[in-house]
Amino acid sequence: MGRRRPSVVSFIDDAEEDGAELEWPFGRLKDLTRDDLRATAYEIFFAASRSTPGFGGRATPSHHASDASSSGAATDAAGRLLYSPGGLGGSGGGANMAVTSRIKRSLGLRTRRAVYMRPMTHLGSPAMSPAMTLGAGGTSSGKVKQRPMTSAEIMRQQMGVSEQRDNRLRKTLVRTLVGQAGKRTEAIILPLELLRHLKPSDFSDPQQYHQWQQRQLRILEAGLLLHPSVPLDRTNSAAHRFSEIMQASEFKPIDTGKNSETMRNLCNCVMALAWRTQNGAPVEVCHWADGFPLNVYLYLALLRSIFDIRDETVVLDEVDELVELMKKTWSTFGINMMTHNVLFTWVLFEQYVATGQVEPDLIAATLMMLIEVANDAKRPDREPGYVRVLSAVLAAMQGWAEKRLLEYHDWFDKGTIALMENVLRLALSTAKIISEDASSCGGAAVFAEREMLFPSKFSSVNRVEQYIRSSLKSAFTKVFENGNGKIDSMVVEVDEDPNDTLVHLAKETERIALFEKETYSQTLKRWHPAPTAVAVATLHNCFGVVLKQHLARGSGLTNELVRVLHTAGKLERKLVQMGMEDSADADDGGKGIMREMSPYEVDSVILNLMKNWIDDRLRMATECVSRAKETESWNPKSKSDPYAQSAMELMKLAKVTVDEFFEIQVGGRDELVQTLADGLDSLFQDYISFVASCGSKQSYIPALPQLTRCNQDSRVLQLWKKASTPCKAGIDPSLLRAPCRAGIDRSLRPLRRPGAAGDGMHQPRPTASRGTQRLYVRLNTLHYLLGLLHTIDKSLAFFSRPGPSPSPHTPLRSRRRAVYPTHFDLARSSIHSTILHVAEVAAYRLIFLDSSQSFYDSLYVGSVAEASIRPTLRVLKQNLSLLVSVLTDRAQPLAVKEIMKASFEAFLMVLLAGGSGRAFARADYDMVAEDLVSLKRIFCTSGEGLVAEEVVQKEAAAMEGVAMLMSLPTEKLVEEFSVMACEASGLGRSLETVPMPPTTGKWHRSDPNTVLRVLCHRNDDVANRFLKRAYDLTKRR
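Bear in mind the structure is a predicted one, so any value in this text is a computation, not a measurement.

**Things to note about the nonpolar core**
Counting residues in hydrophobic clusters, the biggest one holds 157 residues, and the most contacted among them are Phe 26, Leu 266, Trp 288 and Trp 346. In terms of residues, this core owes the most to one element, helix H14 (residues 384–405), which gives 12 residues.

Here is the structure:
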């Protein structure tokens, strides 16, 4: 149950950075990286230690370790850490440090057996190579000797400073402080001095110098403008001048020469800002690095150097001397011993977290330092800056610890219980200090939000009890969320019954209680008298809330619910027993905690629960339908389930509802059965209406063009064209079949595209659009609904039979035998009508919209020979193949039949309402009849027998009759049309005035409007004169 922790955690200074292991408590610094701060901290450290041997002093470091009794740390009777001021000694450097550090011994830290060694030349001076090796204190093999490193060398290596940078710093400080050996460090503005004395020639390239200069200026900006220790007036002129210099330095380095006006201005404004005081009185200390949080950042950069770079979990044995040297920077940073103790505590804790919490010595040392911090926090002479740092550090440490303790089931297990004890000590220690300090200046504001969780006066019992309750609630919640599947989903899966979930949850709750008792209670009992009792009471209440919520859902009284209640009672007895055993030694015998465990109770009004259960299921189904209307995109769930997702959810919910209804062993349910059936029938009809809302086929049928007559050329012009026709020897005879196209405007012929009619060189692809395929999904869905509707209806039917209700003990298979559907008649009728409607819409969309380019828009345009039906049939065949692959077996016959009818309709419109781009001659009949046969054949072959041949013949009868009109002479057509039109209008067989027949849209050989349209498309002189004389129709342009 423990949470896996990374072996190494990279610490992030930004408190707002997501994923940070430890929250950074000291705010943010602008434009300063950790490398910048480390470099500046080393410069300040070096300048403060300049008089110490190894940092520029004259004393020669010794090559042998001496007794450590003259340096190190000691502890007084109160346990306070005292650092000996004589720790540096006359010999200087880490060479004089004892192998065992007094500070480490006081904090319980382990000792590093090896010491830092540095190669020596045969004369005893340091070798030029920067390589550092480890040894036992003796000389190495060969001529190169080794000596322990000085404190300066150790610090340089720990801070990651190269020898080149270190030498440059040494030389600069020598030049800078000539004659100022006695000048106090806190009276020196080090970045300004470095800017004055370091020149571009001291660097390898101008870019490096510019970066170095930018760092010094940013440090000054942070200490003087952004985070000053003395509040800064916004109207300060020196601040404005410094800001202008900063802006100018962004693009190129500023001139720092002696005669530079910019450098003089920089010095003046920096000095004016650094020597400010709140009351205007003269002081001996300048303020440029003592503002919060800059001073904390810089000092922490020094403190982090106490950890061995070769093993980050180990504190250097030279820590006593290094800390003593760091004390020389306190005046520059504006900190004291109390602030140092807080920051030293933070560094130990930060390193413990950053190294993956693998070294228990570090957290133990942190706890030891917290004793010192607690003593300091009680002192009356606390400064505001100290309180600010203390508040930030304690809040961050407590937040880290409580984050784990409030969910200790996730963070700790049997293997890390010792770690949990340390974290618990840390949380209680920081909480105690915070509680005692909450009323101090600045503390209440910082800790107010955290104290809301623990509003009472500090008590370790109350704190531990809160941790137990929070962690158990969290563990229970996670088990509930991970194990309950979709208990809160609107759609309940058959294999995810909420009752089964509650039974499983009860078992998991008991397991958590036993694990709590075996793993955590022994540790928690050191601070709480009855931790197991608190845990089981919390789990009891959590499970009780879930149980009440489950009952409140109104799922009805089921056999599974009875099993849930028995399991809940067994769990309750187990938890009560564990609580009583654990609290037997408590002051009140555990009665107070046991009173928190409210008994589980359930109402057993079966009929009302059943009604509530039905209402709830119907409400869930209604929401499912409503959600489908908003989100359904009519994409198939999968290739194996080519239905709408919403339909599958709805029918699954209905089937689960009916199946569970059957399993409830109660009598007298006939009325409830009818209520359930009526509710489901209404929902099915609502969903079917939603499926049917896909438009109409009429919206895809092109508008009928205006009736016109063909623009027949004069006979003289035809004879002239015939006489001027060149020789056609060697030309493909198929090209000579084209009849006369006189009178047809060539501009009306569409441009040929790949896959269009007449293009036989391109293998066409299916033209069915996504919209049409979604209509196919609707068809699949309707057939899916019809099949499951019959199954559900059959399941409900036996409850409505005349006579007494079947006995609950009668096998279900016997009760359902010979039962015929008697419910959902309205829904079933709606499905059949909707299937026909959707199939028609899909077919007309496929033919008149998706396939318009290859069918209605291009077939016979120009001439029958040049625009034959062969490309159209290829596209149609591809579309039929796609249809068969998308539709289910039961949906295919009607869909193919409707496509056939739509294709015949489109073919008739080509012949009768093709517009001015089409004209036919009597000689075209043979090719049209041949194309008609091919069109019929496509549904008998490509349709894979889905449409019977007699059905194809029946539907094609009207089309064949219209095509037969094309074979008649024009005179015959005119005569038949005149008779039909007169008889249809009631004028008898009078041929004097032929009335205009109405357009019915039902093409047939005996329809006068059909015959009229054949005449309008007849490209000869007889038809032209008749239409001109009878109706004065305009010529085509």
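**Notes on the side chain of Thr 834**
Within the secondary structure layout, Thr 834 lies in helix H29 (residues 825–850). Accessibility expressed as a relative area gives 6% for Thr 834, which makes it buried. For Thr 834, the side chain forms a polar contact with the main-chain oxygen of Ser 830, separated by 2.6 Å.

**Observations regarding the packing of aromatic side chains**
Tallying each qualifying case throughout the model produces 26 aromatic pairs. Ring centres 5.9 Å apart and planes at 50° place the aromatic pair Tyr 42 and Phe 46 in the tilted group. Taken together, the positions of Tyr 42 and Phe 46, both in helix H1 (residues 34–48) and four residues apart, correspond to about one turn of that helix. Each of the two residues, Tyr 42 as well as Phe 46, counts as buried. The interplanar angle of 55° and the centroid separation of 6.0 Å between the aromatic rings of Trp 346 and Phe 349 together place this pair among those described as tilted. Of this pair, Trp 346 and Phe 349 are both found in helix H12 (residues 337–354), three residues apart, which corresponds to roughly one turn of the helix.

**Section: the pattern of salt bridges**
Enumeration according to the criterion identifies 34 salt bridges in this entry. Residues Asp 317 and Lys 104 are paired through a salt bridge, measuring 2.8 Å at the closest nitrogen-oxygen approach. Here Lys 104 lies in helix H2 (residues 102–107) and Asp 317 lies in the loop between helix H9 (294–303) and helix H10 (319–326), a separation of 213 residues in the sequence. Asp 317 sits in the buried class, given a relative accessible area of 1%. Look at Lys 104 and you get buried, because its relative accessible area is 1%. Here Arg 156 ties to Glu 163 by a salt bridge, and the two come within 3.6 Å at their closest N and O atoms.

**Focus on the environment of Ala 41**
If you trace the backbone, Ala 41 turns up in helix H1. Ala 41 sits in the buried class, given a relative accessible area of 0%. Along the primary structure Ala 41 and Leu 302 are separated by 261 residues, whereas in three dimensions their C-alpha atoms are 6.3 Å apart. Setting aside residues no more than four positions away along its own chain, Ala 41 makes contact with Met 159, Leu 298, Ala 301 and Leu 302.

Criteria and cut-off values
Residues numbered from 1 in each chain as written. Predicted model: local features only at pLDDT ≥ 70, side-chain atom pairs only at ≥ 80, totals over all residues. Heavy atoms only, no water. Core = buried A, V, L, I, M, F, W, Y, C linked by side-chain atoms within 4.5 Å. Buried < 20%, exposed > 50% of the residue type's maximum accessible area, 1.4 Å probe, protein only. Helix = DSSP H or I, 4+ residues; strand = E, 2+ residues; numbered from the N terminus. Polar contact = N/O pair within 3.5 Å; in protein donor to acceptor, adjacent residues only side chain to side chain. Phe/Tyr/Trp six-rings, centres within 6.5 Å; stacked < 30°, edge-to-face > 60°. Salt bridge = Lys/Arg side-chain N within 4 Å of Asp/Glu carboxyl O. Contact = heavy atoms within 4.5 Å.

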